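Summary of the model geometry
Read off the chains here:
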Amino acid sequence: MTTPPGLLAVIDMQHVFADPAGPWAAPRYAEAAAGVRRLLPAFGDRTVFTRFVAPARPTGAWRAYYDRWPFALRPPDAELWRLTDEFAGQAEVVLDAPTFGKWTPELAARAAPHGRLVLAGVSTDCCVLSTALPAADAGIEVLVVADACAGADDDSHAKALHLLDLYRPLIRVTTTAELLT
């Protein structure tokens with residue numbers, strides 16, 4: 001296995017997306033988790049985990065969003081926002097954001113020295129997409145690892161990957177096998 005360059009950002013591998021009975025379930029969460037597990041040894045301490053968390057008080061358009069999803073208005077330490085057990089013990093750096101996109105100043109500062117951001121996690125059609133686009137706009141090369149991501153459903157996952165691949169060469173869709181060889 002080669003050591004690929006860049007910073008690995010593992011997006012939102014949380015209980016709220018892993019619970020198959022939950023309203024925000026990513027049906028292929030377990031498959032994405034398997035891809036993430038394959039990537040972690042190659043990146044080691046060049047790995048950051050993110051968590052989507054609800055704001056204390058939604059503002060603007062987020063008010064309507066949380067009117068639709070009131071179950072999610074829980075504090076950051078609520079069980080639904082925790083990383084799933086398989087990743088919680090491996091996450092040395094966890095960045096929280098109350099937004100879909102995780103391209104925060106903290107993530108930008110960690111990615112800048114590497115010049116490349118490798119994205120894995122959930123949901124391809126929401127938080128992964130919303131992180132990739134501003135990172136690319138900031139001049140960071142972005143690789144989205146298709147088989148280490150999962151969408152709200154298979155169709156949405158495929159559409160998001162297609163959309164992301166339209167941004168070549170700023171964003172490139174790849175696989176764990178391609179990245180690790």
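Below is a summary of the structure that appears in this document. In this text, all values refer to a predicted model and were calculated from it rather than measured experimentally. (Residues numbered from 1 in each chain as written. Predicted model: local features only at pLDDT ≥ 70, side-chain atom pairs only at ≥ 80, totals over all residues. Heavy atoms only, no water.)

1. Re the sheet that holds strand S2 (residues 47-52)
Cut-off, in case you're wondering: When DSSP finds at least two bridges between two strands, those strands are taken to pair. The helix and strand labels rest on DSSP assignments: H or I over at least four residues marks a helix, E over at least two residues marks a strand, and numbering proceeds from the N terminus. For helices, the fitted axis covers only the stretch in contact; all axes are lines through C-alpha atoms, and the angles between them, taken along N-to-C directions, range from 0 to 180 degrees. Any two residues whose heavy atoms approach within 4.5 Å are treated as being in contact.
Strand order in the open sheet made by the 6 strands is S3-S2-S1-S4-S5-S6, with parallel pairing throughout. A single partner strand is all that each edge strand has here, and the edge strands are strand S3 (94-97) and strand S6 (171-174). Across this sheet, the average inter-strand angle for adjacent strands is 25 degrees, counted without regard to direction. Summarising the sheet, strand S5 (residues 141-150) and S6 pair through 4 bridges and their orientation is parallel. Within S6, the residue paired with Val142 across the bridge is Ile171. Each of strand S1 (7-11), S2, strand S4 (116-122) and S5 is contacted by helix H2 (residues 29-43), which is oriented at about 135 degrees to S5, the strand it contacts most. Its contacts with the sheet put helix H6 (residues 124-137) on S1, S4, S5 and S6, and the angle it makes with S4 is roughly 170 degrees.

2. Side note on the side chain of Arg46
Put simply, the test is: In this scheme, a residue with accessible area under 20% of its type's maximum is buried, one over 50% is exposed, and one in between is partly exposed, where area comes from a 1.4 Å probe on protein chains only. We treat Lys and Arg as the positive residues and Asp and Glu as the negative residues; His and chain ends play no part in the count. By salt bridge we mean one thing: a side-chain nitrogen of Lys or Arg within 4 Å of a carboxyl oxygen of Asp or Glu.
Of note, Arg46 is situated in the loop between H2 and S2. For the buried Arg46, no salt bridge is present, and the opposite-charge side chain at shortest range is Asp45, 5.0 Å distant. Among all residues touching Arg46, those that are not within four sequence positions of it are Thr3, Pro4, Pro5, Gly6, Leu7, Leu8 and His114.

3. Looking at H6
Owing to its 3.6 residues per turn, the α-helix brings residues three or four apart onto one side. The condition is simple: Multiplying 1.5 Å by the helix residue count minus one yields the expected span of that helix.
The first and last C-alpha atoms of H6 sit 18 Å apart over 14 residues, in line with the 20 Å expected at 1.5 Å per residue. Buried within H6 we find Thr124, Cys126, Cys127, Val128, Leu129, Thr131, Ala132, Ala135 and Ala136. Contact partners of the buried residues in H6: S1, helix H5 (105-111), S4, S5, helix H7 (154-165) and S6. Two residues or fewer past H6, Gly139 is found with a positive phi of approximately 90 degrees.

4. Examining the pairing of S1
Counted residue by residue, S1 has 5 buried out of 5 residues, so it is predominantly covered. Here S1 shows a buried face lined by Leu7, Ala9 and Ile11 and a second buried face lined by Leu8 and Val10. Bridge analysis of S1 against S4 gives 5 bridges, and the strand direction is parallel. Within S4, the position partnered with Ala9 by the bridge is Leu119. The sheet contact formed by S1 and S2 spans 4 bridges and is parallel. Paired with Leu8 across the two strands is Thr47, which belongs to S2.

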